[in-house]
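Coordinates in review
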Amino acid sequence: MAKNKGKVYLGYEEETISERNKQQLNYTINKIGGQPNWPPLENIQFPTKCPLCGLHRLLVVQCYAPLEGSVYHRTLYLFACINPPCWVQSECWCCVRSQIQDVPNKTSAVVVMPTSEPNYSWCQGSDDWERNDNGDSSNGNVMNIDNNSIQRNSDEEDESNSFELETVEQALENLQVDSNNANMSPIQGAVGEVGAPIPAAELEEEDESGLVIAETPTAPMNNMVSLFNQTAELSADIRTRLLNGPLQFVSKYIYVEEEWNKASYDDDKITELLNKYKRDNEIEVGSVADRVSGAPTEDEAYEDANPLHGDKLFHAFLTRLHWHPTQILRYSRNALPLLGAPLPVSENASNSPCRPNNCMRCGSRLICEIQLVPGFANTLFIFPSNITLPHLHFLSVLIFTCSQSCWQQNDKLVEEMVIFQPEVI
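Note that this is a predicted model, so its numbers are computed, not measured.

Comments concerning the overall build of the protein
- When helices and strands are counted, the protein shows 8 helices and 10 strands.
- A total of 425 residues make up the protein; the buried ones form 30% of that total.

As for empty space enclosed by the protein
- A complete count under the given rule lists 1 cavity of 30 Å³ or more for this structure.
- As a volume, the largest cavity reaches approximately 80 Å³.
- What lines the largest cavity is simply Val 8, Arg 330, Tyr 331, Ser 332, Ala 335, Leu 336, Pro 337, Leu 338, Cys 368, Glu 369, Ile 370 and Gln 371.
- For the lining of the largest cavity, the secondary-structure elements that each account for two or more residues are β7 (327-331) and β8 (366-372).
- Ranked by residue count, the leading element in the lining of the largest cavity is β8, at 4 residues.
- Residue classes in the lining of the largest cavity are distributed as 8 nonpolar, 2 polar and 2 charged.

Things to note about the side chain of Thr 379
- Summarising the element assignment, Thr 379 is placed in the loop between β8 and β9 (396-402).
- Within the structure, Thr 379 has its side chain in polar contact with the backbone oxygen of Phe 376 (distance 2.6 Å).
- When residues no more than four places from it in sequence are discounted, the contact partners of Thr 379 are Glu 13, Ile 32, Lys 252 and Ile 328.

Some thoughts on the sheet that holds strand β10 (residues 414-421)
- If you trace the 10 strands once around the closed barrel, you get β1-β6-β2-β3-β4-β5-β10-β9-β8-β7, paired in antiparallel fashion.
- When β7 meets β8, the two strands line up antiparallel, connected through 3 bridges. Residue Arg 330 lies in a different strand from β8, and its bridge partner there is Gln 371.

Let's talk about the pairing of strand β4 (residues 72-80)
- With 8 of 9 residues buried, β4 is to be regarded as a mostly interior element.
- Here β4 runs beside strand β5 (residues 93-101); their pairing, made up of 9 bridges, is antiparallel. In the sheet register, Tyr 77 faces β5, and the bridge partner there is Val 96.

Details of the nonpolar core
- Within the largest apolar cluster, 41 residues are counted, with the highest numbers of intra-cluster contacts made by Leu 78, Ile 82 and Leu 372.
- Discounting chain neighbours no more than four positions away, the residues touching Leu 372 are Val 60, Val 61, Leu 78, Ile 328, Leu 329, Phe 394, Leu 395, Ser 396 and Val 397.
- By size, the runner-up hydrophobic cluster in this structure holds 9 residues, among which are Leu 343, Cys 359, Leu 398 and Phe 400.

Some details on the pairing of β9
- The buried count for β9 comes to 7 of 7 residues, which makes it a mostly enclosed element.
- The sheet contact formed by β8 and β9 spans 6 bridges and is antiparallel. Its bridge partner lying in β9, Leu 372 is registered against Val 397.
- Relative to β10, β9 is paired through 5 bridges, and the arrangement is antiparallel. Counterpart to Leu 398 in the pairing with β10 is Ile 419.

About the criteria used
Residue positions are given per chain, counted from 1 along the sequence in the order it is written. Since the coordinates come from a predicted model, pLDDT governs what is reported: local features require at least 70, and pairs of side-chain atoms require 80 or more to be given and counted, while whole-chain, interface and lining totals use all residues. Side-chain figures throughout are based on the complete set of non-hydrogen atoms in the structure, without hydrogens or water. Numbering of helices and strands starts at the N terminus; helices are DSSP runs of H or I of at least 4 residues and strands are runs of E of at least 2. Exposed residues in this analysis have more than 50% of their type's maximum accessible area, buried residues have under 20%, and partly exposed residues fall in between, with area computed by a 1.4 Å probe over protein chains only. The distinction between a cavity and a pocket rests on a 1 Å grid over the protein atoms alone: a 1.4 Å probe fits inside a cavity but cannot get out, while a pocket stays open yet meets protein on both sides within 12 Å along at least five of seven lines, and a residue with an atom within 4 Å of a point counts as lining. Grid points are joined across faces, edges and corners, and a volume is the space filled by probe spheres set on the points. Residue type decides the class: Asp, Glu, Lys and Arg count as charged, Ala, Val, Leu, Ile, Met, Phe, Trp, Tyr, Cys and Pro as nonpolar, and the leftover types, Gly among them, as polar. Here a polar contact means two N or O atoms within 3.5 Å. Within protein one must be a hydrogen donor candidate and the other an acceptor candidate, and residues neighboring in sequence count only if both atoms are side-chain atoms. Here a residue-residue contact requires only that any non-hydrogen atoms of the pair lie within 4.5 Å. If DSSP finds at least two bridges between two strands, the strands pair. Residues belong to a common nonpolar core when they are buried Ala, Val, Leu, Ile, Met, Phe, Trp, Tyr or Cys residues joined through side-chain atoms within 4.5 Å.

The quantities given are spatial measurements derived from coordinates; they are silent on function.
Set out below in structure tokens:
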């Protein structure tokens with residue numbers, strides 16, 4: 001996916017993967033849900049059961065993420081437990097990384113070139129373009145119909161087969177009209193039914209009182225915050241199926257493209273329009289450009305307006321997402337994650353964020369490589385009945401991976417770190 005420094009790639013939901021196309025899936029496909037497509041490695045073992053409740057976890061997303069200059073194919077798999085108490089716990093999520101060495105194909109393809117004089121055979125008698133069944137090459141109006149000895153020499157014979165005018169007049173005289181038809185009236189034509197009800201407007205009585213009765217509003221008796229935090233239990237059917245084996249989300253493709261900066265694009269567009277205006281009118285528009293671009297002047301100090309709710313971090317998070325409102329995933333190995341809320345606080349220092357720093361295997365720096373944004377939750381449906389679970393939502397899911405992508409020869413899967421951020425209420 002991302003290979004250039006400083007770039008962020010956005011993932012978008014695409015079409016559902018049909019049963020016919022599932023046979024063509026492999027570890028190089030970016031997709032939502034379904035079953036994981038492991039690389040062709042032997043003895044791949046992954047603990048699908050949740051460490052807290054013991055239910056099987058589902059594949060949330062599969063991302064093919066090779067590194068520039070690396071000889072490995074590299075894929076990330078993210079799993080989660082859909083049990084309501086476990087869904088909001090980071091330890092119930094799991095991300096594993098698989099790598100397989102790329103083996104270049106050394107076989108050469110043989111391309112067969114066509115001969116200089118191709119011999120095409122379209123069909124029997126393809127050269128007889130203007131020849132009819134009688135062997136006559138003329139383009140007249142003669143037409144033979146199978147075994148019938150009927151010939152039509154011209155279109156003038158059609159008139160002889162038409163009805164005579166007298167015959168038509170006689171047919172019109174014998175025409176009978178239903179007596180119930182309203183058109184029998186020789187004077188008025190079509191009229192309505194006699195005795196039909198006449199529409200009339202009903203007038204309201206004027207003795208109504210002009211007083212307005214105001215009812216005293218009642219205060220809510222429920223704690224709304226606690227109601228938002230409540231989650232329904234899984235149905236007995238889904239829980240039984242998760243105990244017997246893993247379920248899966250409806251599998252869909254993911255389309256990826258590079259994120260573009262809307263603010264920079266708007267500034268460039270404004271500059272282009274101002275330069276065009278200057279060329280057309282031959283005037284100085286420097287001050288106009290400053291006012292349009294929002295640059296502060298000597299008499300006007302720039303002030304960054306605070307959101308009404310006071311949460312600047314969440315406001316910046318929503319503003320950035322609104323640039324591309326249909327995005328469901330963000331990918332980058334160089335850019336910082338787009339946080340809508342501070343990371344969890346560690347137990348050692350009450351004011352420091354609990355952000356992973358180093359890889360537990362090699363000690364290298366960890367980076368946030370994949371981030372699931374709130375729109376991703378709208379793509380999750382239980383297969384095959386397209387069942388939606390109302391508690392499957394979040395603010396962000398952050399996946400931190402080793403910056404060096406450490407890998408040993410005997411490795412099959414390497415576990416990475418996942419941080420779940422619930423919605424802000």
